Amino acid sequence: MINPKSMIVSTGSAVPEKVLTNHDFEKMVDTSDEWIRTRTGIEKRHIAAEDELTSDLATEAAKKAMQEADVSPEELDYIILATITPDVGFPSTACFVQKNLGAVNATAMDISAACTGFIYGLELADTLITVNKAKTILVIGAETLSKVTDYTDRATCVLFGDGAGAAIVKPAENSRGILGTFTKSNGNLHYLLHIPGMGTKHLPTHETLDQHLHYIKMAGREVFKYAVTAMGDAAVKIIEDTGLKNDEIDLLIPHQANLRIIDATAKRVNIPSDRVFVNVNNYGNTSAASIPLALDEAIKTGKIHQGSTVVLVAFGAGFTWGSAAIKL
Ligand code: ACO
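All residue numbers refer to position in the chain's written sequence, counted from 1. This being a predicted model, a pLDDT of at least 70 is required before a residue's local features are given, and a value of 80 or more before pairs of side-chain atoms are given or counted; all residues contribute to the totals for chains, interfaces and linings. Processing note: side-chain calculations cover all non-hydrogen atoms of the structure and skip hydrogens and water entirely.

Caption draft 1: The arrangement of the site of the ligand in detail. The near set for a molecule or strand comprises every residue that places at least one heavy atom within 4 Å of it. Around the ligand, the structure places 26 residues, and the nearest of them are Thr31, Arg39, Cys115, Arg221 and Asn258. In protein, a polar contact requires one atom able to donate a hydrogen and another able to accept it; more generally it is a pair of N or O atoms within 3.5 Å, and residues adjacent in sequence count only if both atoms are side-chain atoms. For the ligand, an oxygen atom lies 2.6 Å from a polar atom in the side chain of Arg39. Take Ala317: an N or O atom from its main chain is 3.0 Å from an oxygen atom of the ligand. Secondary-structure elements contributing two or more residues to the shell around the ligand are helix 2 (33-40), helix 6 (154-157), helix 8 (220-242), helix 9 (259-268) and strand 12 (309-316). A total of 4 residues in the shell around the ligand trace back to one element, the largest contributor, which is helix 8. Class assignment for the residues of the shell around the ligand results in 14 nonpolar, 7 polar and 5 charged. For the purposes of this entry, the term helix denotes a DSSP run of H or I that reaches at least four residues, the term strand denotes a run of E that reaches at least two, and both are numbered from the N terminus. Any residue outside Ala, Val, Leu, Ile, Met, Phe, Trp, Tyr, Cys, Pro, Asp, Glu, Lys and Arg is labelled polar, Gly included; the first ten of those are nonpolar and the last four are charged.

Rendered as structure tokens:
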């Protein structure tokens, strides 16, 4: 019997108003609604306005989660923000969220783990609470991937969207809580999915801009293969580690990158489609925001509720991958 140390007490999410449909992309690049739907499951995605930043979406999602749990800004001990689209080089985007919220007592930090970022953040929050370093932690996954997407590259531009999801994590009560987390990475394969520019390796010059080094580059077919294996492995690992039985899992929430990867992951752990959460059709791949956006939507639409057992699983650039089992 697992004795959880921390639990998610509330969630919130935010997406930009503007939407791009597959039909909009038919006018921008050589693609079709049919190709995008059958190869990825995506139908539309939300796109940030020019002046809308990752910290803005993160703040909106955080305020909703804080309101739901009746948590004041002063109560926050840590703000852990997972993103690969920070507002600026430094300081961290979490510091901007701290300023926006007035969370004067918090330690604010970013995590860069791409699509697995929220699970990395949950693991850290769970550990901080377990060792009594914190009582109230805000974990956020937030992205404005549209700002680093190459809208001339049909192989990537149709995939990504913007959004944010947040959770308040507190000490566990009544056997509710985070039952286990698992995280892993493999830096040897960094070049299969990355933004080569934007850092100190290729400082921005006319040449790097002409070469589109400030945009996402992905070897899609390779990434797909690793994602299917790693997400399946991560789901199996957390189910084994926590001793959960198949029929005890109320909902599997996989990272929302591609419906075929989601289906393969569910098949690997033998969870039928009515217990698998899918919203990739409405949001595309929102990287670190994907899992918390899905978790919030699953709760708000009544698919899961207090007492439900949920398995989260993700894979992303790095490569990074991980999973978590939670009793809400
Ligand atoms: N419209 C039409 N045709 C296209 C498009 C498009 N938008 N994009 C690619 N194609 C073409 C290709 O050019 C190729 O044509 P060819 O056979 O003439 O060369 C053909 O379609 C097949 O291309 P593939 O890349 O092999 O297509 P695939 O079935 O693998 O699907 C996809 C591509 C959707 C990108 C898939 O590989 C995928 O989902 N990869 C994983 C993405 C992912 O999970 N990322 C993880 C995390 S993201 C993060 O961390 C930020």
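Alright, that's what it looks like, and here's the rest.
Caption draft 2: Molecular detail of the packing of helix 3 (residues 54-69) against helix 4 (residues 93-101). For helices, the axis comes from a line fit to the C-alpha atoms of the stretch in contact; other axes are also lines fit to C-alpha atoms, and the angle between any two N-to-C directions lies between 0 and 180 degrees. Where helix 3 contacts helix 4, the two axes come as close as 9 Å, and the packing angle between them is 50°. Classified by the angle their axes make, helix 3 and helix 4 are oblique. Viewed along their axes, helix 3 and helix 4 form a crossing whose handedness is right-handed. In this structure, helix 3 contributes Thr54, Ser55, Ala58, Thr59, Ala62, Lys63 and Met66 to the contact, and helix 4 contributes Thr93, Phe96, Val97, Asn100 and Leu101. Looking at the contact of helix 3 with helix 4 residue by residue, the classes come out as 6 nonpolar, 5 polar and 1 charged. Any angle that falls under 35 degrees is termed roughly parallel, while one over 145 is termed roughly antiparallel, one within 65 to 115 roughly perpendicular, and all others oblique. A crossing counts as left-handed when the near helix is turned anticlockwise from the far one by less than a right angle, and as right-handed when that turn is clockwise. The contact rule is simple, with two residues in contact once any of their heavy atoms fall within 4.5 Å.

Caption draft 3: Molecular detail of the side chain of Thr54. With respect to the helices, strands and loops of the structure, Thr54 is situated in helix 3. Among all residues touching Thr54, those that are not within four sequence positions of it are Thr83, Thr85, Asp87, Thr93, Ala142, Glu143 and Thr144.

Caption draft 4: Geometry of the environment of Asp87. With respect to the helices and strands, the residue Asp87 is situated in the loop between strand 4 (78-82) and helix 4. Between the alpha carbons of Asp87 and Glu52 there is a distance of 9.7 Å; along the sequence they are 35 residues apart. Among the polar contacts listed, one links the side chain of Asp87 to the backbone nitrogen of Thr54, at a separation of 3.4 Å.

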